[in-house]
Amino acid sequence: MTLLAVSNLTKRYRRGNKTIAAVDDVSFHIDPGETLALAGPSGSGKSTIARLALRLIEPDDGRIDFEGGDFLALSGAALRARRARLQMVFQDPLAAFNPRATVARVLDDPLRIHGIASRGERPRRIAALLERVGLTADLAPRAIHEISGGQRQRVAIARAIATKPSLIVLDEAVSALDVSVRGEILELLLDLQRQEKIAYLFISHDLGVIRSVAHRVILLDAGRIAENGDARTVIDAPQSAIGKALVAAAPRLNRTGP
Amino acid sequence: MSPLRRFLRTPEAVAGAILLAALIAMALSASLLFPGDPQAITGPALLPPFQDWSLPLGTDRLGRDVLAELFHGARTSLAVGLAAAAAALVVGAVVGTLAGFAGGLVDEVLMRITDAFQTVPSFLLALAFVSVVGPSLGVVVIAIALGTWTGPARVARAEVLSIRERDYVAGARVIGMHPLAIAFREVLPNALPPVLAMSSVIVAAAILTEAALSFLGLGDPNRVTWGGMIAEGRAVLRTAPFLSIVPGIALVLTVLGVYLAGEGIVETTAVRRGLS
Ligand SMILES: Nc1ncnc2c1ncn2[C@@H]1O[C@H](COP(=O)(O)OP(=O)(O)OP(=O)(O)O)[C@@H](O)[C@H]1O
Ligand SMILES: [Mg+2]
């Protein structure tokens, strides 16, 4: 069974007096427990696809099926309930949280909203989530802006897995982290995938990282799919012009990876 | 440096704080120092100030203690000013947040209503409202708030429009938070600082409006108000000018105090946000 099936997805924006297609007739699918990477030059439509898949913006055309149901048909309370299964981790972990929030509140919200744990039980669940992502429970009362960038991204992952999702969208989720922290976070993501069979829609401009963590990759160019296939095959021998350009521009393709 | 010490470094803010503290002390001690009805007759009519030390500021046309009236008037001014400003800020923040966050038709409708209120001069609006509904403390508060909530609404909306595009609002949607919870729990608190920065001006304006309404005889008739005292004194302006001058000075000092202290607080918090 496919987990997410996107067909003929199109999103247009007006720019001045002409319209541009940020996403143009894009179709793909993700299986349970699989990592699909999206790569492409800046402005090629990666983030737009992520936001469409999350129903943060609405497509002009196309269809999205998630866990066997028409995802675009959901609205209101039904959509909010379904969101438990489809989560996101943002690029900038500082911007992704309410500046007034504490770690505990950030993790309390999804547990409360989806009725996952009673009020009395939640502190224990929060502690367990923090430990699951390699943090300690004493971080809970700290303000979000008081912890390090790496810790913050771990909290973002803890929040994303709080509702036991089947798919997490990662839009440049490791790009803002320095190299050693990035390796640790990727390791954590791979571990979560092995343990909980979570699928990832993994957006990155780093082909080295994609090659080491993704099963399949889609290369986008100006809103269209230029090439797609097995991640190693595509990155080792790109067929499309944009694929060759991206590989040529990659500083050094780390072929070992985590 | 602590915010308090930074606040105390500006002489204007300190002057404002002292004036405001004096006003609050007057309002709080009014019924302790001058128990009983401040509108009761306590001595000969039109006694000038500093003649009789049991009536230090003299008496008015009917022989009422001016100092007692002044203290009780401080209470009315402060209560009406704060209540009207609070009502205006709350209504403005809620309307502005809903308009900015919902966008579309809701925004359009709410902003047309805001425009409509803003085109009518706020004092005229208050005057008309009190004339129709009848003067009482609550009505005066509503009347003043009616003309002042539009400013905070516009500022709140502008702030919400920029905040709602931030990642953390998208994050709140992704975890399934209800739109109203996002608007009022996640967005509104972060949109408040510039709205609260308007509060000193709004309180000062509300106190002045209350005085003007009372001056025109549209204040609560059961309460002593400075505006009412000035109006009373006008009849004997030539023979007993102090009856208008004393409450007039109190009014000017109060408005000045509220304004200076408020600006001091805004300054202090602005500096703090700039530094962090
Ligand atoms: N809200 C919007 N209004 C107008 N145009 C938009 C909007 N969002 C995206 N676009 C346009 O759509 C195109 C795709 O943008 P998108 O953010 O999806 O690119 P991206 O692949 O994520 O780029 P990057 O690698 O820089 O993050 C760009 O041309 C962008 O300017
Ligand atoms: Mg992007």
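## Notes on the overall build of chain B
Here's step 1: What chain B contains, in helices and strands, is 12 helices and 0 strands.
Here's step 2: Each helix and strand of chain B, ordered N terminal to C terminal, gives the series α-α-α-α-α-α-α-α-α-α-α-α.
Here's step 3: In chain B, buried positions account for 46% of the 276 residues.
Here's step 4: Nonlocal contacts in chain B, meaning residues at least 24 apart in sequence, comprise 70% of its contacts between residues at least 6 apart.
Here's step 5: For chain B, the exposed surface amounts to about 12900 Å²; the carbon and sulfur share of it is 69%.
Here's step 6: Where the 18 positive side-chain charges of chain B centre and where its 18 negative ones centre are 6 Å apart.

## So, the interface of chain B and chain A
Here's step 1: Contacts between the two partners involve 17 residues from chain B and, on the opposite side, 22 residues from chain A.
Here's step 2: Carbon and sulfur atoms supply 52% of the area that chain B and chain A bury against each other, a total of about 1800 Å² over both sides.
Here's step 3: Put simply, chain B and chain A have 2 salt bridges between them.
Here's step 4: In this structure, Arg185 of chain B and Asp109 of chain A form a salt bridge, with 3.3 Å as the shortest nitrogen-oxygen distance.
Here's step 5: Applying the counting criterion to the chain B and chain A interface returns 12 residue pairs in polar contact (both at pLDDT 80 or more).
Here's step 6: Those elements that provide at least two residues to the side of chain B that touches chain A are α8 (167-174) and α9 (179-196) of chain B.
Here's step 7: Looking at which element gives the most residues to the side of chain B that touches chain A, the answer is α8 of chain B, with 7 residues.
Here's step 8: In terms of residue class, the side of chain B that touches chain A is made up of 9 nonpolar, 4 polar and 4 charged.

## Things to note about the confidence of the model for chain B
Here's step 1: For chain B, the mean per-residue pLDDT works out to 91, and 97% of the residues sit at or above 70.
Here's step 2: Interface confidence for the predicted complex, expressed as ipTM, amounts to 0.92; the pTM equals 0.85.

## Details of the environment of Ala170 of chain B
Here's step 1: Following the sequence through the fold, Ala170 of chain B ends up in helix α8.
Here's step 2: Taking the C-alpha atoms as reference points, Ala170 of chain B and Ala206 of chain B, 36 residues apart in sequence, are found 39 Å from one another.
Here's step 3: The residues touching Ala170 of chain B, leaving out its near neighbours within four places in the chain, are Leu56 and Phe90 of chain A.

## Quick word on the pairing of strand β7 (residues 167-171) of chain A
All names here are of chain A.
Here's step 1: Within β7, 5 of the 5 residues are buried, which leaves it mostly tucked inside the rest of the structure.
Here's step 2: Here β7 shows no split at all, with Leu167, Val169 and Asp171 on one side and Ile168 and Leu170 on the other all buried.
Here's step 3: Where strand β6 (residues 86-89) lies against β7, 4 bridges are found, and the strand directions are parallel. Opposite Val89, over in β7, you have Leu170 as the bridge partner.
Here's step 4: Strand direction decides the pairing type here: β7 and strand β8 (residues 199-203), joined by 5 bridges, are parallel. Looking at β8, one finds that Leu170 is bridged to Phe202.
Here's step 5: One crossover worth recording links β7 to the parallel β8 by way of helix α6 (residues 179-196), and it is right-handed.

## Side note on the sheet that holds strand β4 (residues 61-66) of chain A
Residues and elements named next belong to chain A.
Here's step 1: One open sheet accounts for 4 strands, arranged β2-β1-β4-β5; its pairing is antiparallel. Where the open sheet ends on each side, the last strands, each with one partner, are β2 (18-30) and β5 (69-70).
Here's step 2: Where β4 lies against β5, 2 bridges are found, and the strand directions are antiparallel. The partner of Asp65 across the bridge, within β5, is Asp70.
Here's step 3: Across the sheet, helix α1 (residues 46-53) lies against β1 (4-15), β2 and β4, angled at about 65° from β2, the strand it touches most.

## With respect to the pairing of β8 of chain A
A regular strand places its side chains so that they alternate between the two faces of the sheet.
Residues and elements named next belong to chain A.
Here's step 1: Taken across its 5 residues, β8 has 5 buried, putting it largely inside the fold.
Here's step 2: Of the two faces of β8, the one carrying Ala199, Leu201 and Ile203 and the one carrying Tyr200 and Phe202 are both buried.
Here's step 3: Inspection of the sheet shows strand β3 (residues 35-39) paired to β8 by 4 bridges, in the parallel sense. Bridge pairing links Ala37 to Phe202 in β8.

## Some thoughts on the sheet that holds β6 of chain A
Sheets are built from strands that pair by backbone hydrogen bonding, the pairs being arranged parallel or antiparallel.
Residue and element names in this part refer to chain A.
Here's step 1: Reading across from one edge, β6-β7-β8-β3-β9-β10 is the order of the 6 strands in this open sheet, with mixed pairing throughout. The open sheet has two edge strands with one neighbour each: β6 and β10 (224-230). When the angles between neighbouring strand axes are averaged without regard to direction, this sheet yields 20°.
Here's step 2: Lying on the sheet, helix α5 (residues 149-161) is in contact with β6 and β7; it crosses β6 at an angle near 175°.
Here's step 3: Sheet contacts for helix α9 (residues 241-249): β9 (216-221) and β10; angle to β9, the most-contacted strand, approximately 105°.

## Brief notes about the side chain of Ser240 of chain A
Residues and elements named next belong to chain A.
Here's step 1: Assignment of secondary structure puts Ser240 in the loop between α8 (231-236) and α9.
Here's step 2: What makes Ser240 buried here is its relative accessible area of 12%.
Here's step 3: Within the structure, the side chain of Ser240 is placed 2.6 Å from the side chain of Glu227, a separation counted as a polar contact.
Here's step 4: The residues touching Ser240, leaving out its near neighbours within four places in the chain, are Leu219, Ala226 and Glu227.

What counts, and where the lines are drawn
- Residues numbered from 1 in each chain as written.
- Chains lettered and ligands numbered in written order.
- Predicted model: local features only at pLDDT ≥ 70, side-chain atom pairs only at ≥ 80, totals over all residues.
- Heavy atoms only, no water.
- Helix = DSSP H or I, 4+ residues; strand = E, 2+ residues; numbered from the N terminus.
- Buried < 20%, exposed > 50% of the residue type's maximum accessible area, 1.4 Å probe, protein only.
- Contact = heavy atoms within 4.5 Å.
- Areas by Shrake-Rupley, 256 points an atom, 1.4 Å probe, with all protein chains shown as cover.
- Lys, Arg positive; Asp, Glu negative; His and termini not counted.
- Charge placed at Lys NZ, Arg CZ, Asp CG, Glu CD.
- Buried area = accessible area lost by both parts, 1.4 Å probe.
- Salt bridge = Lys/Arg side-chain N within 4 Å of Asp/Glu carboxyl O.
- Polar contact = N/O pair within 3.5 Å; in protein donor to acceptor, adjacent residues only side chain to side chain.
- Nonpolar A, V, L, I, M, F, W, Y, C, P; charged D, E, K, R; others polar.
- pLDDT = per-residue confidence, 0-100.
- Pairing = 2+ DSSP bridges.
- Right-handed = clockwise from strand over helix to strand, strands pointing away.
- Axes fitted to C-alpha atoms, helices over the stretch in contact; angles between N-to-C directions.

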